[in-house]
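What follows is each chain in one-letter form.
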Amino acid sequence: MNIKINGKILIAAPTGEIDHHAAERFRAQIDSAFEKSSCRHIILDMKDVTFMDSSGIGMIIGRYKKAESGGGKLTLSNMSEAVTKLFNISGLAKIISRAENTQEAIIKLGGNIND
Amino acid sequence: MIKLEIEALPENVAMARVVASSFITKFDPTVEQLTEFKTAVSEAVTNAIIHGYSDKRSGEFVTLTLSAKGREITAKIIDNGVGIEDVEAAKEPLFTTKPEMERSGLGFTVMESFMSKVEINSKKGEGTTITLVKELGEQQ
């Protein structure tokens, strides 16, 4: 997983498959980086996710709550067709914002894409 | 028919997906059908491990069988775990007995959305068998 910080935004890009086993690992890594930083918002960049089941949905909801609890927001970027389908089934489309790519997500969260 | 015994460890779900994907690939599914089948099997095997066997992590096994009748592919996921107390409740979207593990409660919703047929047979204290059927339809 790649983690970058852009101002107040933590950008986490999980790589590979997100199932129950991997979700626990990603969750721990993201939360630890988020808590150590002074970030308010989280972007989950899904570009390198090759598979996801409902465990990934649980992980996304958890990070959404994490960002919300500090007054921040969660945005998802670069979602594949398969991930989008799962996202739509979950009903999350109504509450979690999405962006085509990470640049767009940074702009949505008020960050500076040149940082 | 293929029969695979998987030790009930979360890291083994990936292996179940590989075998299920290889099996269905022989029938020339669309990319979408392959992803749906793989995802539904992943949901059922994960449930067997973390709910059926309460995430105890060793010494217990989940059985995955894969079979085909023409272009109708069936996966059965069998555990001898605790069984599902209330099947109707378990099928409700967002219902989960393990919110602390960040389970979304969408496992059965995903299985039902992605498969042609889902059957749940469960007896408290004896275990659960999930039957997932995917009709591939005419070859593309």
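In this report, the structure presented in the accompanying data block is examined.

Calculation rules
- Residues numbered from 1 in each chain as written.
- Chains lettered and ligands numbered in written order.
- Predicted model: local features only at pLDDT ≥ 70, side-chain atom pairs only at ≥ 80, totals over all residues.
- Heavy atoms only, no water.
- Helix = DSSP H or I, 4+ residues; strand = E, 2+ residues; numbered from the N terminus.
- Rg over C-alpha atoms; globule rule 2.2 N^0.38 Å.
- Contact = heavy atoms within 4.5 Å.
- Areas by Shrake-Rupley, 256 points an atom, 1.4 Å probe, with all protein chains shown as cover.
- Lys, Arg positive; Asp, Glu negative; His and termini not counted.
- Charge placed at Lys NZ, Arg CZ, Asp CG, Glu CD.
- Pairing = 2+ DSSP bridges.
- Buried area = accessible area lost by both parts, 1.4 Å probe.
- Salt bridge = Lys/Arg side-chain N within 4 Å of Asp/Glu carboxyl O.
- Polar contact = N/O pair within 3.5 Å; in protein donor to acceptor, adjacent residues only side chain to side chain.
- Nonpolar A, V, L, I, M, F, W, Y, C, P; charged D, E, K, R; others polar.
- Axes fitted to C-alpha atoms, helices over the stretch in contact; angles between N-to-C directions.
- Parallel < 35°, antiparallel > 145°, perpendicular 65-115°, else oblique.
- Left-handed = near helix turned anticlockwise from the far one by under 90°.

### Let's talk about the overall build of chain A
Thinking step 1. Counting its regular elements, chain A contains 4 helices and 7 strands.
Thinking step 2. Reading chain A from its N end, one meets helices and strands in the order β-β-β-α-β-β-α-β-α-β-α.
Thinking step 3. What you see for chain A is a C-alpha radius of gyration of 13 Å, in line with the 13 Å of a compact globule of 115 residues.
Thinking step 4. Considering only C-alpha atoms, chain A reaches an extent of 30 × 25 × 25 Å along its principal axes.
Thinking step 5. In chain A, of all internal contacts separated by at least 6 residues, the share reaching a separation of at least 24 is 66%.
Thinking step 6. On chain A, roughly 5300 Å² of surface is accessible, and the fraction owed to carbon and sulfur atoms is 47%.
Thinking step 7. Within chain A, one finds 15 positive and 13 negative side-chain charges whose respective centroids are separated by 6 Å.

### Brief notes about the pairing of strand β3 (residues 72–79) of chain B
Residues and elements named next belong to chain B.
Thinking step 1. Pairing between strand β2 (residues 61–69) and β3: 7 bridges, direction antiparallel. The residue of β3 that forms the bridge with Leu64 is Ile77.
Thinking step 2. As judged from the 8 bridges shared by β3 and strand β5 (residues 127–135), these two strands associate in the antiparallel manner. Counterpart to Ile73 in the pairing with β5 is Lys134.

### Here we look at the interface of chain B and chain A
Interface size is commonly expressed as the accessible surface area that is lost when the partners come together.
Thinking step 1. Taken residue by residue, the interface counts 26 residues in chain B and 21 residues in chain A.
Thinking step 2. Taken together, both faces of the contact between chain B and chain A bury some 1900 Å²; the carbon and sulfur share is 54%.
Thinking step 3. On inspection of chain B and its partner chain A, the count reaches 6 salt bridges.
Thinking step 4. Summed over the shared surface of chain B and chain A, the result is 11 residue pairs in polar contact (both at pLDDT 80 or more).
Thinking step 5. Counting residues per element, the ones that place at least two in the side of chain B that touches chain A are α1 (13–25), α2 (31–52) and α4 (107–114) of chain B.
Thinking step 6. When residues in the side of chain B that touches chain A are grouped by element, the largest group, 9 residues, is from α2(B).
Thinking step 7. Residue classes in the side of chain B that touches chain A are distributed as 8 nonpolar, 8 polar and 10 charged.

### Looking at the packing of helix α3 (residues 81–90) of chain A against α4(B)
Thinking step 1. At a closest axis distance of 10 Å, the pairing of α3(A) and α4(B) adopts a crossing angle of 120°. In terms of orientation, α3(A) lies oblique with respect to α4(B). Where α3(A) crosses over α4(B), the handedness of that crossing is right-handed. Counting all contacts with α3(A), which are made through A:Lys85, A:Leu86 and A:Ile89, the residues of α4(B) involved are B:Thr109, B:Val110, B:Ser113 and B:Phe114.
Thinking step 2. When its residues are assigned to classes, the contact of α3(A) with α4(B) shows 4 nonpolar, 2 polar and 1 charged.

### Observations concerning unusual backbone geometry
Thinking step 1. One non-glycine residue, A:Asn78, lies in the positive phi region at around 55°.
Thinking step 2. Structurally, the position occupied by A:Asn78 is in the loop between β6 (74–77) and α3.

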